[in-house]
Amino acid sequence: MASLTLKGVYKRFPGGVTAVSNFNMEIKDKEFIILVGPSGCGKSTTLRMIAGLEDITEGEIYIDNTLVNDVAPKDRDIAMVFQNYALYPHMTVFENMAFGLRLRKTPKDEIKRRVEEAARILDITHLLDRKPKALSGGQRQRVALGRAIVREPKVFLLDEPLSNLDAKLRAQMRTELSKLHRELGTTFIYVTHDQIEAMTMADRIVVMKDGFIQQVDTPQNLYEKPANLFVAGFMGSPQMNFIDGKLIAEDGNIYFEFGSERTRRSTGKKYKIIIPKEKNKKGQLDAYIDKEVTMGIRPEDISDEQRILDAYPEGIVEATVEFTELMGAEIYLYLVCEGNNITARVAPTSTAQAGDQIKIAMNINKIHIFDKDTEKALIN
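Residues numbered from 1 in each chain as written. Predicted model: local features only at pLDDT ≥ 70, side-chain atom pairs only at ≥ 80, totals over all residues. Heavy atoms only, no water.

(A) Region of interest: the overall build of the chain. Of regular secondary structure, the chain possesses 9 helices and 21 strands. The C-alpha extent of the chain, read off along each of the three principal axes, is 80 × 45 × 40 Å. Every one of the 380 residues in the chain was classed for burial, and the buried ones make up 50%. For the chain, long-range pairs separated by at least 24 residues make up 67% of all intrachain contacts whose partners lie at least 6 apart in sequence. Charged side chains in the chain number 52 positive and 54 negative. The centres of these two groups are separated by 5 Å. (Helix = DSSP H or I, 4+ residues; strand = E, 2+ residues; numbered from the N terminus. Buried < 20%, exposed > 50% of the residue type's maximum accessible area, 1.4 Å probe, protein only. Contact = heavy atoms within 4.5 Å. Lys, Arg positive; Asp, Glu negative; His and termini not counted. Charge placed at Lys NZ, Arg CZ, Asp CG, Glu CD.)

(B) Region of interest: the side chain of Thr92. Along the chain, Thr92 falls in the loop between β6 (78-81) and α2 (93-103). Residue Thr92 is classed as buried on the basis of its relative accessible area, which comes to 15%. Ignoring sequence-local partners within four residues, the contact set of Thr92 consists of Leu128, Asp129, Arg130 and Lys131.

(C) Examining the side chain of Thr192 more closely. Tracing the sequence through the fold places Thr192 in strand β8 (residues 187-192). In terms of polar contacts, Thr192 uses its side chain to reach the backbone amide nitrogen of Asp194, at 2.9 Å. Looking at Thr192, its side chain comes within polar contact range of the side chain of Glu197, at 3.1 Å. Apart from residues no more than four positions distant in its own chain, Thr192 is found in contact with Ile34, Leu35, Val36, Gly37, Lys43, Glu160, Glu197 and Ala198. (Polar contact = N/O pair within 3.5 Å; in protein donor to acceptor, adjacent residues only side chain to side chain.)

(D) Seen up close, the sheet that holds β6. In spatial order, the strands read β6-β7-β8-β3-β9-β10; together these 6 strands make up an open sheet with mixed pairing. Looking at the sheet topology across the chains shown, the edges are occupied by β6 and β10 (212-217). Taken pair by pair, the neighbouring strands of this sheet meet at an average axis angle of 15°, ignoring direction. In this structure, strand β7 (residues 155-159) lies alongside β8, joined through 5 bridges in parallel fashion. Along β8, the bridge assignment pairs Asp159 with Val191. Its contacts with the sheet place helix α4 (residues 137-149) against β6 and β7, and it is angled at close to 170° to β6. (Pairing = 2+ DSSP bridges. Axes fitted to C-alpha atoms, helices over the stretch in contact; angles between N-to-C directions.)

(E) Broad picture of the sheet that holds strand β12 (residues 253-259). Across the sheet, which stays open at both edges, the 6 strands sit in the order β13-β12-β11-β14-β20-β21 with antiparallel pairing between neighbours. Whereas interior strands pair on both sides, the edge strands pair on one side only; in this sheet they are β13 (270-275) and β21 (377-379). Sheet twist, expressed as the average angle between the axes of neighbouring strands with direction ignored, equals 40°. As judged from the 6 bridges shared by β12 and β13, these two strands associate in the antiparallel manner. Paired with Glu257 across the two strands is Lys272, which belongs to β13.

Next comes the structure, spelled out in structure tokens:
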């Protein structure tokens, strides 16, 4: 098994395009690390540099404390699973899984043992004699994983391996991959643009944007304590609501004030949402009084239920319902409040309909405040 270290890693392409900038990270042995971010953020390039498929412009990569910058991909003791599976169509499943071992001149008995063991783990023993064209997408994905497993590598690199599967199969394979990671006890580094995959599988998540690391943390901490506006908006579905306004101080309290702009979708009202004192116990908001900031609140922390309205009277605003989405166990309300688009995730018992003017309450204990200029989180 292996740990990985990336120190000051850069990737610059001809023409001056910098895909990855100053990537620094320590990955522990047996960790499940997921790199997540929008298309073009540098996550796949980082994975390919770890694999040795992309040259490093600057910096160092260590696998088990051994510098591998100039080590060939085949000698790094890693296995990579690609988005398109890359199976040989003329070979059976067994032959596909055994191919890398045969190139290494592994004894036949050992090849048979490893392939059969990997097939057992992945529940594809009954498919060993089939060709890829006779397999479903999920089965092909398992074969691609099996081909990596038989090599018994120190590190698994997975580049968006579930993106070609339908939604139901993706959910099933997320569970399978988590179980596989536990069973193999190997380091996994996984790339995806799907934040649900990241939240459900990772030990730690690396959020990237424009080649830079934005935040590295556990899924729970990323969700509850985002470092900046980008992370807050990227992690979570539906995404966090953002409202621009300013902080004011009155009667020993700090409030977030917004509204009263006479826009087409505004009633001209002004709202003040109290900031609980314990959220500012370090005084981090004091320097922002009478300054413009951005407030964030997640859809599940907004409700039209009476008990929530009663619980958070200083977090109540009025909003117009634009449309609703019944999701089965919950309803998404798409609202407008003083020109701001707001999404609320409410109970299926909600009776709100398009066109209604309703009261909603924000859970003031779940409010986030961001610096409007730097976009860094001030309070979570």
